[in-house]
Amino acid sequence: VSELVLHVESNRQIGYFQLQGIMADDNQVIDQFSLEFTRLTLTLPQALDPGCQLTLRLSYNLRIPPVMDGYEGRWGYWGFTERQINLGHWFPMVAPLVNEGWNVPRPHFLGEQLTADSADFELELSLENPPADVLVAGPGLQRELGPNQWQFTLLGARDLALSVGEGLRQTNKRAPDGTQVEVYYFPSSAPPGLTPAKQALDSAAEALVLFEELFAAQYPYERLVIVEGDFPDGMEFSGLVFVGEAWFRTWRGEPNDWITAITVHEVAHQWWYLLVGNDPANYPYMDEALATYSEYLYFQRYYGELYDWWWDFRVRSFINEPRFVDGTVYQYDNARPYINDVYLTGAKMLHDLRSQLGDAAFFAWLQAYLQHQAYQLATPPALWGMLTPSQYADSAPIRQAFLTAPEVLPLPDSPTPAVSETLTLTDSPTPSMTETP
Ligand SMILES: [Zn+2]
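Described below are features of the structure shown in this document. (Residues numbered from 1 in each chain as written. Predicted model: local features only at pLDDT ≥ 70, side-chain atom pairs only at ≥ 80, totals over all residues. Heavy atoms only, no water.)

## Observations concerning the sheet that holds strand β19 (residues 223-229)
Point 1. Spatial ordering of the open sheet is given by β17-β18-β19-β21-β20, a layout of five strands whose pairing is mixed. Looking at strand neighbours, the two that pair on one side only are β17 (169-174) and β20 (234-236), the edges of this open sheet. In this sheet, adjacent strand axes meet at a mean angle of 20° when their direction is disregarded.
Point 2. Note: β20 against strand β21 (residues 240-244), three bridges, orientation antiparallel. Counted as the bridge partner of Gly234 is Val243 from β21.
Point 3. This element, helix α1 (residues 196-215), spans β17, β18 (180-185) and β19 of the sheet and lies at about 150° to β18. (Pairing = 2+ DSSP bridges. Helix = DSSP H or I, 4+ residues; strand = E, 2+ residues; numbered from the N terminus. Axes fitted to C-alpha atoms, helices over the stretch in contact; angles between N-to-C directions. Contact = heavy atoms within 4.5 Å.)

See the structure below:
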């Protein structure tokens, strides 16, 4: 390659990422580059052959944006409030190279777009003059290097997210598989007499061992970090997830509530995002339908009597007509129909498929998919192609009911493949989001 493309998610809003310089290996300045929204293209001093290495040093300043009100607040995983700084998708990452094209999906104002290869990360963090009551939450192996200085090592990850909070507290427990589960929370969020942090902690630990069993794949780190985020909903990262403060604040003390559903959902993304990656702009159902259906798997296992509650609360109260699952984020300009289709109808599709296949075949399918696609970027043919030919044929009515493109795999007797097995590249840098000051 003579050109290298990096994804700079923190430049989706202009003015927050200021690039100062790029140097290659031997202090060679790279001065040929262009930054268009989230796409940073560098021309290398000399072409890089397959299997060769290159060290790049990027210098940049970041301004952290304030967490916004309303729906845009959901980007608060990259933002600050009075008591919290969240650093999610904050540094430039090499974009995945798929069939000689760099995949930097164009930004959109809903859903997620960043598509990341699996990589190893090591990060050193120093805080200058922090308030006395500050706590740092980060994933992976954490070492204290000195006062207000830490190192985080995270292997086979899609990102490295951090959160720093004033007045933040931590509670933890060991899950039955030995994983240290930690919840970072603001005590002031707890309704009187209730401990939502403990609810998040217990449900995360239960979900962790359940998903290891059902999906037959170990959670890959020694620690799983859950952070109460000062922004709506939740967000998955590698080894660290956010659960929105509203779910802590509004908990009513029962397991069947948002805090449980969203905590379990974000934990499930450790399998359907961290382990099996996907392009969340073009194939968002690949992780979101599976993460949402995993919530149901959790309630079915641990609270059998609540299984119908979950369908009513999460699915039936929002959808009552047939909808399609396989849209891209760009087809939606409103979050509700997007979630109804991709997440909720997606969960219904998986449930119908499970009913048809039976439990043994359904979980064997998901396990085979994980085994083949862990640490890769999966596409719909990779998922559906793990069904046996007869299972795939039998699932045609379900695919026709739920997918706008039900022929996911090439027809057996067609001379040319009906669907390419590769990622569709949408690398046009055309911005579609509104800029905020
Ligand atoms: Zn999700």
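## Observations concerning the pattern of salt bridges
Point 1. Here the structure, examined in full by the defined rule, presents 15 salt bridges.
Point 2. The salt bridge involving Arg83 is made with Asp230; its shortest N-O contact spans 2.7 Å. Placement of the pair is Arg83 in the loop between β7 (78-80) and β8 (84-87) and Asp230 in the loop between β19 and β20, with a sequence separation of 147 residues.
Point 3. The class for Arg83 is partly exposed, based on a relative accessible area of 23%.
Point 4. Between Asp202 and Lys198 there is a salt bridge, with its nearest N and O atoms 2.7 Å apart. Of this pair, Asp202 and Lys198 both sit in helix α1, four residues apart, roughly one helical turn.
Point 5. What emerges from the salt-bridge pattern is a single network uniting Lys173, Lys198 and Asp202. (Salt bridge = Lys/Arg side-chain N within 4 Å of Asp/Glu carboxyl O. Buried < 20%, exposed > 50% of the residue type's maximum accessible area, 1.4 Å probe, protein only.)

## Let's talk about unusual backbone geometry
Point 1. Even without being glycine, Ala216 reaches a positive phi, approximately 50°.
Point 2. Tracing the sequence through the fold places Ala216 in the loop between α1 and β19.
Point 3. Positive phi, close to 70°, is recorded for Asp233, a residue that is not glycine.
Point 4. On the basis of relative accessibility, which here comes to 35%, the residue Asp233 falls in the partly exposed class.

## Points about the layout of surface pockets
Point 1. In this structure, the largest pocket spans a volume of roughly 950 Å³.
Point 2. What lines the largest pocket is a set of 28 residues, and nearest its centre among them are Leu6, Pro92, Met93, Val94 and Phe121.
Point 3. Of all elements in the fold, only β1 (3-7), β6 (56-62), β9 (93-94) and β12 (119-126) reach the threshold of two or more residues within the lining of the largest pocket.
Point 4. A total of five residues in the lining of the largest pocket trace back to one element, the largest contributor, which is β12. (1 Å grid on protein atoms, 1.4 Å probe; cavity = no way out; pocket = protein on both sides within 12 Å on 5 of 7 lines; lining within 4 Å. Points joined across faces, edges and corners; volume = space filled by probe spheres on them.)

## What about the environment of Phe362?
Point 1. Along the chain, the position of Phe362 falls in helix α8 (residues 359-373).
Point 2. On a C-alpha basis, the gap between Phe362 and Leu350 in space is 9.0 Å, while along the polypeptide they are 12 residues apart.
Point 3. In this structure, Phe362 is in contact with Tyr293, Leu350, Leu353, Arg354 and Leu357, ignoring residues within four places of it in sequence.

## A look at the sheet that holds strand β5 (residues 39-43)
Point 1. Here four strands make up an open sheet; going across it, the order is β4-β5-β1-β9 and the pairing antiparallel. Two strands in the sheet have a free side with no partner beyond their single neighbour: β4 (33-36) and β9.
Point 2. Relative to β5, β1 is paired through five bridges, and the arrangement is antiparallel. In the strand pairing of β5, His7 is matched with Arg39.

## Focus: the pairing of strand β16 (residues 162-166)
Point 1. By the criterion of burial, β16 is predominantly enclosed, with four of the five residues buried.
Point 2. Pairing between β8 and β16: four bridges, direction antiparallel. When the bridges of β16 are listed, Gln84 appears paired with Gly165.
Point 3. Strand direction decides the pairing type here: strand β13 (residues 134-137) and β16, joined by four bridges, are antiparallel. Its bridge partner lying in β16, Val136 is registered against Val164.

## Structural notes on the coordination of the zinc ion
Point 1. Coordination of the zinc ion by the protein is provided by His265 (NE2), His269 (NE2), Glu288 (OE) and Glu288 (OE), with metal-donor distances spanning 2.0 to 2.8 Å.
Point 2. Every donor counted, the four donor atoms about the zinc ion form angles of 51 to 150° at the centre, which fits irregular coordination. (Donors = N, O, S within 2.8 Å, 3.2 Å for Na, K, Ca; no water. Tetrahedral: all angles 85-135°; square planar, octahedral: opposite > 155°, others 65-115°.)

## Quick word on the side chain of Asp159
Point 1. Looking at the element boundaries, Asp159 is found in the loop between β15 (149-157) and β16.
Point 2. Side-chain polar atoms of Asp159 contact the backbone nitrogen of Ser238, separated by 3.0 Å.
Point 3. In this structure the side chain of Asp159 is engaged in a polar contact, spanning 2.4 Å, whose partner is the side chain of Tyr273.
Point 4. In this structure, Asp159 is in contact with His89, Met93, Phe121, Leu154, Phe237, Ser238 and Tyr273, ignoring residues within four places of it in sequence. (Polar contact = N/O pair within 3.5 Å; in protein donor to acceptor, adjacent residues only side chain to side chain.)

## Description of the packing of aromatic side chains
Point 1. Inspection of the entire model under this criterion finds 32 aromatic pairs.
Point 2. Look at Tyr77 and Phe231: their rings are 6.3 Å apart centre to centre, the planes differ by 75°, and that puts the pair in the edge-to-face class. Taken together, the residues span a long stretch of sequence, with Tyr77 in the loop between β6 and β7 and Phe231 in the loop between β19 and β20 at a distance of 154 residues.
Point 3. On the basis of relative accessible area, Phe231 is assigned to the buried category, the value being 4%.
Point 4. Stacked on the ring of Tyr392, the Lys or Arg Arg399 has its end atom at 3.7 Å from the ring centre. (Phe/Tyr/Trp six-rings, centres within 6.5 Å; stacked < 30°, edge-to-face > 60°. Lys NZ or Arg CZ within 6 Å of the ring centre and 35° of its normal.)

## Observations concerning the nonpolar core
Point 1. Formed by 121 residues in total, the largest nonpolar core has its most connected members in Trp271, Trp272 and Trp384.
Point 2. Broken down by element, this core gets its largest block of residues, 11 residues, from α1.
Point 3. Sequence-distant contacts of Trp384, that is, excluding residues within four places in its chain, are made with Tyr285, Met349, Leu353, Tyr392, Ser395, Arg399, Leu403, Val408 and Leu409.
Point 4. In this structure, Val8, Phe17, Leu42 and Val104 belong to the second largest nonpolar core, which totals 14 residues. (Core = buried A, V, L, I, M, F, W, Y, C linked by side-chain atoms within 4.5 Å.)

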